[in-house]
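The primary structure of each chain is shown beneath.
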Amino acid sequence: MDVSAILAAHEAKKQAVTVEKEIPLELDTGLLAVTDLNPIDCESYNENLEDYLTSTARDGVQALIAALFSLPTSSSADGPLAQLPPPATQLPRAKPLPKPKPLTKWEKFARAKGIQKKRKDKKVWDEEKQEWVNKWGWKGANKDKEVQWLTEVPANADVDFNPSQAARAERKEKMAKNERKHLQNLARAQAAQGTPNESGKVPQSQRKQLIDYTLATTRVSTASMGKFDRTLEGEKKLKGVKRKFDAAEVSAEKEKSSNLTILSKLDREPAAKKSKNSSGDSVLNVRKAVRAVSGGRGSATLARKAGGKGNKGKR
Amino acid sequence: MRPLTEDESKIVFTKLANYIGKNLVHLIDRADEPYCFRLHKDRVFYVSESSMRLAISVARPNLVSLGTCFGKFTKSGKFKLHVTALDYLAQYAKYKIWIKPNGEMPFLYGNHVLKAHLGRITEDTPEHQGVVVFSMNDVPLGFGVTARSTVDTRKLDPTAIIVFHQSDVGEYLRDEETLF
């Protein structure tokens, strides 16, 4: 029996495992992504869109899966697992780049002098203990003087001189100074940005303005609003706010439109602000209508009459 | 001379609207020639754009008057209509009152309008409404504010005041120095 024809037919149904493209597909197995850079074939695209898209997608997936099978694998309870390489595609970052931090005073100085930063080891070798200890911090070497059992006392020391306390005070003073310098650095950075920092301190550039403003306020805060106050020597005259008016030669069209907007604003004002009888502006003169309908007896009579009729109807 | 600020325009327009209501639009949006409001030495002038442009070249101390003087701003910022605005008010007035010939002279001497002198009045004039006063042969004499609504005037006695005097053409003689 010759099965070659059947086999050939079966083989023809299967599509090629290898994908051939004019421009090779770009694979990023780390992100499980395939990019097809080939230009769209206009003819088949217009002819049958769905088929075209399916075939393009199929090619891409085929290439990706082929690449996945070539990856190194590790076996697990669920079967072999492929080890994905790290993603190769460069994605843009979501957030903007961080702004450079303002330099501290020391950093500025070091840059000017060309001093390079030297990384120092945090640990030092302790000969006595025969081990590495921290320079500072937990069991730090800088606390040795405070805990040693015998201390040399200077000849001119007071009677109540406590060497361990003095050493501790010196250490704490260093810490306090460092903190002080840190805060000053922060304040300097804030001032460079021109905003008052969290301690309420205003940068010098604004402070002068604020003082001038306060001074101007106090000068007109007397009973005579500053008119009859004794002036100090060298005190300048206060400058008020200058009024600003439109130019006299604005175009008539512009003026007309602005006037009409003012007029429309006036119309929109609440009824309470207007004169009591503003009904005259509407098309229907309510008062006149009521008089005509009620025969000059007023709206109350009209309402009573209407109510009475309604009651009669109910009964 | 300068255009009115927005606040000033508002004050002037509310005052004018008291007399001519919605017809105020016809003053601002004129078909014949663009007109505008200008303030000069506390006085508000209603002037055509062409003559306003001519007046720009006149120095402030030398400029006495231009266009039609509508009124003036008092020192406290209120706006007072002058009799010179009567032409426009009479033309567009919403509520009018006509007085009998025997009441013309008392009104022109600055007195209020009494009920005895009342000839005709626009129907349904509300209380405290700005009205223009006419003589019986339709000559505008001045303007004022109603003391009572039209309905209420019926019950009043003849000596009761029905329109408070605000301005009359007699001022052209009486206040000649200060009017313009």
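An unreviewed UniProt entry annotates chain B as 60S ribosome subunit biogenesis protein NIP7 of Somion occarium. Heading Subcellular location (unreviewed entry) of the UniProt record for chain B holds this comment: "Nucleus, Nucleolus". UniProt's Subunit (unreviewed entry) comment on chain B is quoted here verbatim: "Interacts with pre-ribosome complex."

An unreviewed UniProt entry annotates chain A as Ribosome biogenesis regulatory protein originating from Somion occarium. Listed in UniProt under the heading Function (unreviewed entry), the comment for chain A reads: "Involved in ribosomal large subunit assembly." Recorded in UniProt for chain A, the comment headed Sequence similarities (unreviewed entry) runs: "Belongs to the RRS1 family."

Peer 1: Can you walk me through the UniProt feature "domain: PUA" (unreviewed entry) in chain B in this structure?
Peer 2: UniProt records the feature "domain: PUA" (unreviewed entry) at residues 95-170 of chain B, using the numbering of this structure. Between the end C-alpha atoms of residues 95-170 of chain B the distance is 21 Å, and the span holds 16% helix and 41% strand.

Peer 1: How should I be thinking about the interface of chain B and chain A in this particular structure?
Peer 2: Quite often, the size of an interface is put as the accessible area lost when its parts meet. Each partner contributes residues to the interface: chain B has 28 residues there, and chain A has 24 residues. There are three salt bridges connecting chain B and chain A. Where Glu6(B) meets Lys265(A), a salt bridge forms, and the shortest distance between an N and an O atom there is 3.0 Å. For the pair chain B and chain A, the number of links is four residue pairs in polar contact (both at pLDDT 80 or more). Those elements giving two or more residues to the side of chain B that touches chain A turn out to be β1 (2-3), α1 (6-20), α2 (24-28), β2 (35-40) and α3 (49-55) of chain B.

Peer 1: What exactly am I supposed to notice about the environment of Ile97(B) here?
Peer 2: Residue and element names in this part refer to chain B. Tracing the backbone through its elements, the reader meets isoleucine 97 in strand β6 (residues 96-99). Distance from isoleucine 97 to isoleucine 121, taken between C-alpha atoms, is 4.3 Å for residues 24 residues apart in sequence. Apart from the residues within four sequence positions on either side, isoleucine 97 is in contact with Leu118, Arg120, Ile121, Val131, Val132, Val133, Phe134, Ile162 and Val163.

Rules behind the numbers
- Residues numbered from 1 in each chain as written.
- Chains lettered and ligands numbered in written order.
- Predicted model: local features only at pLDDT ≥ 70, side-chain atom pairs only at ≥ 80, totals over all residues.
- Heavy atoms only, no water.
- UniProt positions renumbered as here; feature names shortened; annotations may be inferred.
- Helix = DSSP H or I, 4+ residues; strand = E, 2+ residues; numbered from the N terminus.
- Contact = heavy atoms within 4.5 Å.
- Salt bridge = Lys/Arg side-chain N within 4 Å of Asp/Glu carboxyl O.
- Polar contact = N/O pair within 3.5 Å; in protein donor to acceptor, adjacent residues only side chain to side chain.

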